[in-house]
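# Geometric and topological summary
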Amino acid sequence: MSKEASYQGTPWQNFSGPNLGYVIEVYEQYLVDPNSVDPELKELFDQWGAPSPAGEEENTKGQADVSFQMPANPDMYSKIVAAVKIADNIRTYGHLAADINPLNDKQKEIRRIELAEYNLTEEDLRQIPASFISPNAPSNLKDGLEAINHLKKVYTKKLAFEYHQVHDLEEKNWLQQQIESESFYPSLTKEQRMSLLTRLSEVEGFETFIHRTFVGQKRFSIEGLDTLVPLMDQIISSTVKTGTRTVNIGMAHRGRLNVLAHVLEKPYKLIFSEFQHAPNKDLIPSEGSIGITYGWTGDVKYHLGADRRLKRGSTANTRITLANNPSHLEVIGPIVDGYTRAAQENRNKPGYPDQDMANCVAISVHGDAAFPGEGIVQETLNMGRLNGYNTGGTIHIIANNMIGFTTESSDSRSTKYASDVAKGFEIPIVHVNADDPEAVIAAAVLAYNYRQKFHKDFVIDLIGYRRFGHNEMDEPMVTNPLMYKIVKNHPTVKEIYAERLIEKGVITKEAVAEIDEAIQARLQTAYDAVSGKEKDLDTAMNPPEYVMNRLQKLNTNVPEAELKAINSELLKWPEGFNVFQKLSRILKRRENIFENEGKIEWAHAESLAFGSILKDGTPIRFTGQDSQRGTFAQRNLVLHDETTGEEYIPMHNISGVNSSFVVYNSPLTEAAVVGFEYGYNVFAPETLVIWEAQFGDFANMAQVFFDQFISSGRAKWGQKSGLVMLLPHGYEGQGPEHSSGRMERFLQSAAENNWTVANLSTASQYFHILRRQAATLEKEGVKPLVIMTPKSLLRHPLAAAEVKDLTEGSFQPVLEQAGLGENHKAVERILLCSGKVAIDLEEHLKNEDNLDWIHILRVEELYPFPKKEIENILARYSNVKELVWVQEEPKNMGGWMHVDPYLRELAPAGVEVKYTGRRRRSSPSEGDPTVHRKEQNRIIQEAFIK
């Protein structure tokens, strides 16, 4: 039937009553199996969609696009406008009619791109020049009809495009030119097609071998998305040719083992040994072409990453990494972006680092249910164009098997496509049928070319299916019977592509069989080499000795002359630079600190620490919400001219520095930013990387990164980190959400010397712990540092430091209260505390007389717990009767649950261990400031009641 339609409307107006009922019944059959109905009716259904009662079409005729209506007596001008409108609609809506679903179980939407909807005929189009329709189309097109047919072909085949969400005109025009000229489609040679078939055979052969050999073991098979491997091959190949030195990959479980085996070239023998629960590091290639990280507790095989060196030319090589990833799958995205930013930057000069976006490329592979479902994806996409986080564009691949675990897409997202979230960030999207390997290669080429030209993210929605259940022990027919009836009879992509090449005469059926046999023989040889060679497993899984060793005492003081010079340079501003007067007066108070024996407040000590760390050759990267100024207006590392708005960063102008310094205000995001900074730190181990929460409780939003990476990454994967986390913590009556940094959570995860958790009470302690952390970077003893930073103590005189504290002191895990404990025999009670409450106790001392009987110890480093230091102090007090832990947090929070067993172990015989603080609570603090003050006073007074 002619698509110009011989009907005055749609064909369904010719059906009514029982006839219409019959057509509707056949249409329902068509939805289940299009090929099971009469061919003529099938053609009608294909073209016109669902049958509807007479008269309905009359109301919608010509309204596929309500922005355009053909006049009653159209002239040539009207027809040209209509032709241009249909061409634009093909560009905008062609993806709805495209052949992108390999199972072909979804109805295509073609109405918006049909001529009849615009009262146009083929003859009308023949009278319009092709250039009016598509200026980028091939020059051999004779007229508008051929141009429209060309656009339909381009926009509705197995590669479909969405780019109208891109607002930048240059980008949009470039994308349209590339698509309509088809210039990005590679013209594959016979050898390249043979190579592609061989790759698909390797991918499929690996899965079938494992399926047959390790029956029932989880592997999260790639089958149904086999072209993911050649897709990644093509992107990596493009990067290598253009000189990229590092490619960082993050991906979920689906297909991960296959990517490890073929993209990262992890030896088959090593993978098979892991299936036999006998991983053997000796199986790693001796030439060092691949590095596989191990901790001491290890991880399941489909969480592990790898690091491969790919030779490029005679000297240079490209590093390819697949990041270690736990089952919180999408959280790897910001970490890989952090890797990438670190690899792009040169930090060996003062000021901002030099960034070369072409030096490193990130690839993130997502699940189709997770991409719209996990908020971390949107957080990371939002960071993609921000100064502090831009990596020049990540290439995102949605490994779309049209199902999430057992959940249909209709239950897992509110959008048509899994990729629709990316539209809000003006990211171009291509949808590609995973059963067409050459279309997949073309998608890779377009994505890489766009990234290279515009330095922005790009999304490839690779639409396939999942041949088995979520894991190989699931039976998908239980929950998804209709889909799996189709899947069961659907040929593999290797079979489809092999048949295509056989038809083209590129290869013979016998040669295909020979390729498969050779692959299976290679897999069998690898399996035979490790089969039955299980070894005794390390069930103790103890950390190496160098991990468990405590940090050695480090000299962290700085000569007064150097500090004075740094201080002076930090207070020099360019001539004519107008700092806001009130702020200028505050900062200028720091000028005479060294002459007048003044006090150094918290933020001042931090600035001096940063300046001295930079002079020692250590770069610094510092991010957080409002960290440039500081949440409490305390920091002001970036100054603004009150007249021009121009920025000036004093840290960039310290003499004798050859290390970069940046402080960025982060987006209102915790999880993705923490992940990014952790990734940056892992890839830039020589850099002091700091993340600051606006308030400590904001860390709640990043808990998965603390649990799955920062606290345990070294034990699972041998992945070292020296990340610093600053969490404002302290009870000042600001309510439950702005009091607690949830110290107890970090202490609960503290084991195997995995990180340092500190709750400091003085600016000098902060100065020294920062310098100590910087000094441990790139050493085996490096570990993350969690600091409960203060709020009210930022400007408190009792928390401020003297100059000699910085020039002569060092970090002390335990501080003794000055003026107490001098009469050793008189001391009967020792109060132990941590952080701000120590200052509250010190303030209260002026209200007490006869304090010989009491002493106060401030436990500044809660983990590793300073047992030896406390034990040495206790040894001085032979008549002590009580050890009392004082805290402002509820009993089930703060430090008590952590220190209680340590204190009972340390307490001499007959000495009681007691608690003073808030009772156990479900909420961290009171919401009313008056109630807070009364409770705080009770805690402090109770500590001194004899």
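Here the structure is shown first, and the text comes after it.
The following paragraphs examine the structure supplied in this document. (Residues numbered from 1 in each chain as written. Predicted model: local features only at pLDDT ≥ 70, side-chain atom pairs only at ≥ 80, totals over all residues. Heavy atoms only, no water.)

## Quick look at empty space enclosed by the protein
Test applied: Points on a 1 Å grid over protein atoms alone make up a cavity when a 1.4 Å probe fits among them but cannot get out, and a pocket when they form an open set with protein on both sides within 12 Å along at least five of seven lines; lining residues each have an atom within 4 Å of a point. Grid points are joined across faces, edges and corners, and a volume is the space filled by probe spheres set on the points. By definition, any uninterrupted DSSP run of H or I lasting at least four residues is a helix, any uninterrupted run of E lasting at least two residues is a strand, and each is numbered from the N terminus.
In total, this model carries 9 cavities of 30 Å³ or more according to the counting rule given. Put simply, the largest cavity is a space of about 160 Å³. Breaking the lining of the largest cavity down by element, the ones donating at least two residues are helix 27 (703-710) and helix 28 (713-717). For the lining of the largest cavity, the element with the most residues is helix 28, which contributes 3 residues.

## Focus: the pattern of salt bridges
In a structure, side chains of opposite charge can pair up when their charged atoms sit close to one another. Quick reminder of the rule: One side-chain nitrogen of Lys or Arg within 4 Å of one carboxyl oxygen of Asp or Glu is enough to make a salt bridge. Exposed residues in this analysis have more than 50% of their type's maximum accessible area, buried residues have under 20%, and partly exposed residues fall in between, with area computed by a 1.4 Å probe over protein chains only.
Enumeration according to the criterion identifies 57 salt bridges in this entry. The shortest N-O distance in the salt bridge between K158 and D99 comes to 2.7 Å. Taken together, the positions of K158 in the loop between helix 7 (144-156) and strand 1 (159-162) and D99 in the loop between helix 4 (76-93) and helix 5 (122-126) put the pair 59 residues apart, joining distant regions of the chain. With relative accessibility at 28%, the residue K158 sits in the partly exposed group. Among the salt bridges present, the one from K881 reaches E828, with a minimum N-O distance of 3.7 Å. Residue K881 is located in the loop between helix 33 (867-874) and strand 26 (882-890), and its partner E828 is located in the loop between strand 22 (814-816) and strand 23 (829-833); the two are separated by 53 residues in the primary sequence. The class for E828 is partly exposed, based on a relative accessible area of 30%. When salt bridges with common partners are traced through the structure, they connect R193, D436, E438 and R500 into a single cluster.

## Overview of the sheet that holds strand 24 (residues 854-859)
Within a beta sheet, neighbouring strands are joined by backbone hydrogen bonds and run either parallel or antiparallel to one another. Condition: Each pair of strands is called paired provided DSSP finds at least two bridges between the two strands. Under this scheme, a helix contributes an axis fitted over its contacting stretch, all axes are lines through C-alpha atoms, and angles between N-to-C directions fall in the 0 to 180 degree range. Note on contacts: a residue pair is in contact if any heavy atoms of the two residues lie within 4.5 Å.
Spatially, 5 strands are ordered 22-24-23-26-27 in an open sheet, and the strand pairing comes out mixed. Since the sheet does not close on itself, it has two edges, and those belong to strand 22 and strand 27 (912-918), each with one partner. The sheet shows a mean angle of 25 degrees between the axes of neighbouring strands, taken without regard to direction. The sheet contact formed by strand 22 and strand 24 spans 3 bridges and is antiparallel. Residue pairing for strand 24: E816 is matched across the bridge by L857. Together, strand 23, strand 26 and strand 27 form the strand contacts of helix 34 (residues 896-906), whose direction differs from that of strand 27 by roughly 165 degrees.

## Focus: the packing of helix 9 (residues 190-213) against helix 10 (residues 228-241)
Quick reminder of the rule: These descriptions rest on fixed angle ranges, namely under 35 degrees for roughly parallel, over 145 for roughly antiparallel, 65 to 115 for roughly perpendicular, and the rest for oblique. Crossing handedness follows the turn of the near helix against the far one: under a right angle anticlockwise gives a left-handed crossing, and clockwise gives a right-handed one.
With their axes 9 Å apart at the nearest point, helix 9 and helix 10 run at an angle of 130 degrees to one another. With respect to their mutual orientation, helix 9 and helix 10 come out oblique. You can see that helix 9 and helix 10 cross each other, and the crossing is right-handed. Side by side, helix 9 and helix 10 meet where L196, R199, L200 and V203 of the first sit next to V229, P230 and D233 of the second.

## Structural notes on the sheet that holds strand 14 (residues 620-624)
With mixed pairing, the 7 strands of this open sheet are ordered in space as 17-14-18-19-21-20-25. Edge positions in the open sheet fall to strand 17 (661-665) and strand 25 (861-863), since each of these has one partner strand only. On average, each strand axis in the sheet is tilted by 20 degrees relative to the strand beside it, whichever way the strands run. Examined bridge by bridge, strand 14 and strand 17 share 5 bridges and lie parallel to one another. By the bridge assignment for strand 17, T623 is matched with Y664. Running over the sheet, helix 30 (residues 763-776) touches strand 18 (688-692), strand 19 (724-728), strand 20 (756-759), strand 21 (785-789) and strand 25 and is turned about 165 degrees from strand 21.

## Let's talk about the packing of aromatic side chains
One pair of aromatic rings is described through two measures. These are the centre distance and the angle between the planes. Just so we agree on the cut-off: Two aromatic rings from Phe, Tyr or Trp, using only the six-membered ring of Trp, form a pair when their centres are within 6.5 Å; if the ring planes differ by under 30 degrees the pair is stacked, by over 60 it is edge-to-face, and anything between is tilted.
Counted according to the given criterion, the structure contains 35 aromatic pairs. Ring centres of F577 and Y648 lie 5.7 Å apart, and the angle between their planes is 55 degrees; on these two criteria the pair is classed as tilted. Taken together, the residues F577 in the loop between helix 22 (560-570) and helix 23 (581-588) and Y648 in strand 16 (residues 647-648) connect sequence positions 71 residues apart. For the residue pair F577 and Y648, the accessibility class agrees, reading buried in each case.

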